[in-house]
Amino acid sequence: MVVYAPYRFYWGPNLLLIAAAVIPAVALLIYVYRKDRLDREPSSLLLTLILQGIISTSLAVYTERIGVRLLSAALSEHTVPYQLIFNFLIVGLSEEGFKYLLLYRRTWRSPHFNCQFDGVVYAVFVSLGFALWENIDYVVMYGLDTAMIRAVTAIPGHACFGVFMGAWYGLARAHENKGNAQHSRTCRRLALICPVLLHGLYDFIATADRTEPAFYFLAFILLMFAGAYATIRRLSKQDKYI
């Protein structure tokens with residue numbers, strides 16, 4: 001869930017904290033960028049996509065606040081229905097929904113969207129723009145320990161959400177170019193549904209009130225990371241012009 005630290009902290013002696021928040025996201029951005037074999041995207045477009053991700057944090061924070069107020073008025077916070085609705089709909093749908101909306105508005109008609117793997121690059125850059133800005137807030141508020149934890153959980157988690165969003169998004173563009181409008185719409189829906197479900201499950205397991213939550217969370221993120229890594233490698237090798 002998006003949080004915001006007071007901006008006055010950003011300009012104090014916290015450059016080390018900001019660097020710790022930013023470096024993991026930048027490293028993953030560079031990795032995905034280098035996997036784009038056929039026709040790498042212009043830096044101006046990629047910077048715009050990072051900005052779209054940052055903007056999506058601002059949009060998500062308002063819908064999450066409204067959603068929490070409405071949900072708290074209807075259900076107890078300590079019930080399973082509350083946690084399911086909160087994690088999957090209020091947080092997962094808000095954050096992934098705004099990422100997808102801004103991704104679509106910026107890239108769907110772009111002349112640079114000419115390879116299927118471009119969908120992965122675009123979605124990951126938006127997702128990591130979101131994660132980068134969110135991470136600065138968390139790390140400035142809670143310190144270096146939080147930076148270390150989020151560097152191996154939340155940051156690659158957002159990257160994974162972007163990978164699966166982008167895999168379906170690139171396929172949707174390929175179908176659209178072939179004139180398969182129905183297949184394209186189905187893939188665009190999956191480009192949103194898949195990361196929403198993964199994001200919701202990630203948060204639900206991470207916050208579950210169990211005696212051994214760490215085991216389930218570790219198993220889940222390892223499987224998700226492995227799946228995202230395999231997807232990047234496969235789509236990069238099989239990339240083609242569309």
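Residues numbered from 1 in each chain as written. Predicted model: local features only at pLDDT ≥ 70, side-chain atom pairs only at ≥ 80, totals over all residues. Heavy atoms only, no water.

Q: Before we go on, may I ask you to explain the nonpolar core in this structure?
A: One recurring pattern in soluble globular proteins is that nonpolar side chains are buried together. In terms of nonpolar packing, the biggest core is built from 53 residues, with Leu103, Leu128, Tyr202 and Met224 touching the most fellow members. Counting residues per element, the ones that place at least two in this core are helix H1 (15–34), helix H2 (43–74), helix H3 (80–107), helix H4 (118–142), helix H6 (154–177), helix H7 (181–206) and helix H8 (213–237). Beyond its immediate chain neighbours, meaning those up to four positions away, Leu103 contacts Trp108, Tyr122, Ala123, Val126, Met165 and Tyr169. The next biggest cluster of nonpolar side chains, apart from the first, holds 5 residues, and it includes Leu71, Tyr82, Ile90 and Val91. (Core = buried A, V, L, I, M, F, W, Y, C linked by side-chain atoms within 4.5 Å. Buried < 20%, exposed > 50% of the residue type's maximum accessible area, 1.4 Å probe, protein only. Helix = DSSP H or I, 4+ residues; strand = E, 2+ residues; numbered from the N terminus. Contact = heavy atoms within 4.5 Å.)

Q: Is there a simple way to think about the state of the cysteines in this case?
A: One pass over the structure, following the stated rule, counts 0 disulfides. Considering cysteine sulfurs only, Cys187 is the nearest to Cys115, which forms no disulfide, with 17 Å between them. In this structure Cys160 is not part of a disulfide, and its nearest cysteine sulfur, from Cys194, lies 11 Å away. (Disulfide = S-S within 2.5 Å.)

Q: Would you take a moment to explain a nonpolar patch on the surface for this structure?
A: Judged by side-chain polarity, Leu51, Ile55 and Leu59 come together as a nonpolar surface patch covering roughly 230 Å² of accessible area. One can find Ile55 in helix H2. (Patch = residues over 30% accessible without salt bridge, like charges linked within 9 Å, V, L, I, M, F, W, Y side chains within 5 Å. Areas by Shrake-Rupley, 256 points an atom, 1.4 Å probe, with all protein chains shown as cover. Salt bridge = Lys/Arg side-chain N within 4 Å of Asp/Glu carboxyl O.)

Q: In this structure, what is going on with the confidence of the model for the chain? I would like to understand it.
A: Of all residues in the chain, 93% attain a pLDDT of 70 or more, and the chain-wide mean is 90. In this model residues 6–13 is a low-confidence stretch, pLDDT under 50, and it forms 8 contacts with partners more than four residues away in sequence or in other chains. (pLDDT = per-residue confidence, 0-100.)

Q: I keep staring at the pattern of salt bridges and nothing clicks. Help me out?
A: It is possible for side chains of opposite charge to pair when their charged atoms get near one another. On inspection of all chains with the given rule, the structure shows 3 salt bridges. Among the salt bridges present, the one from Arg150 reaches Glu134, with a minimum N-O distance of 3.0 Å. Here the residue Arg150 occupies a position in helix H5 (residues 144–151), and Glu134 occupies one in helix H4, the gap between them amounting to 16 residues. Residue classification places Arg150 among the buried residues on the basis of a relative accessible area of 11%. You can call Glu134 buried: its relative accessible area is 2%. Residue Arg188 is joined to Glu176 by a salt bridge in which the shortest nitrogen-to-oxygen separation is 3.7 Å. With a gap of 12 residues between them, Arg188 in helix H7 and Glu176 in helix H6 connect regions that are remote in the sequence.

Q: Teacher, can you tell me more about the environment of Cys160 here?
A: For Cys160, the location among the structural elements is in helix H6. In the structure, Cys160 is positioned 32 residues away from Leu128 in sequence and 9.7 Å away in space, judged by C-alpha atoms. Other than its neighbours up to four places away in sequence, Cys160 contacts Met224, Phe225 and Ala228.

Q: Hey, could you run me through the packing of aromatic side chains in this one?
A: The description of an aromatic ring pair uses the distance of the two centres, along with the angle that the planes make with each other. For the coordinates displayed, the defined rule picks out 12 aromatic pairs. Plain terms: the ring middles of Trp108 and Tyr169 are 5.4 Å apart, the flat faces sit at 50° to each other, and that makes the pair tilted. With Trp108 in the loop between H3 and H4 and Tyr169 in helix H6, this pair connects stretches of sequence that are 61 residues apart. According to the relative accessible area criterion, Trp108 is buried, its value standing at 2%. Judged by its relative accessible area of 0%, Tyr169 is buried. (Phe/Tyr/Trp six-rings, centres within 6.5 Å; stacked < 30°, edge-to-face > 60°.)

Q: What is the right way to read the packing of H3 against H4 from this model?
A: Geometry of a packed helix pair, given as the angle between the helix axes and the separation of the axes. Between H3 and H4, whose axes approach to 10 Å, the crossing angle comes to 130°. In terms of axis orientation, H3 runs oblique to H4. Read as a crossing pair, H3 and H4 show a hand that is right-handed. Contacts between H3 and H4 pair Glu95, Lys99, Leu103 and Thr107 from the former with Tyr122, Ala123, Val126, Ser127, Phe130 and Glu134 from the latter. Taken together, the residues of the contact of H3 with H4 break down into 5 nonpolar, 2 polar and 3 charged. (Axes fitted to C-alpha atoms, helices over the stretch in contact; angles between N-to-C directions. Parallel < 35°, antiparallel > 145°, perpendicular 65-115°, else oblique. Left-handed = near helix turned anticlockwise from the far one by under 90°. Nonpolar A, V, L, I, M, F, W, Y, C, P; charged D, E, K, R; others polar.)

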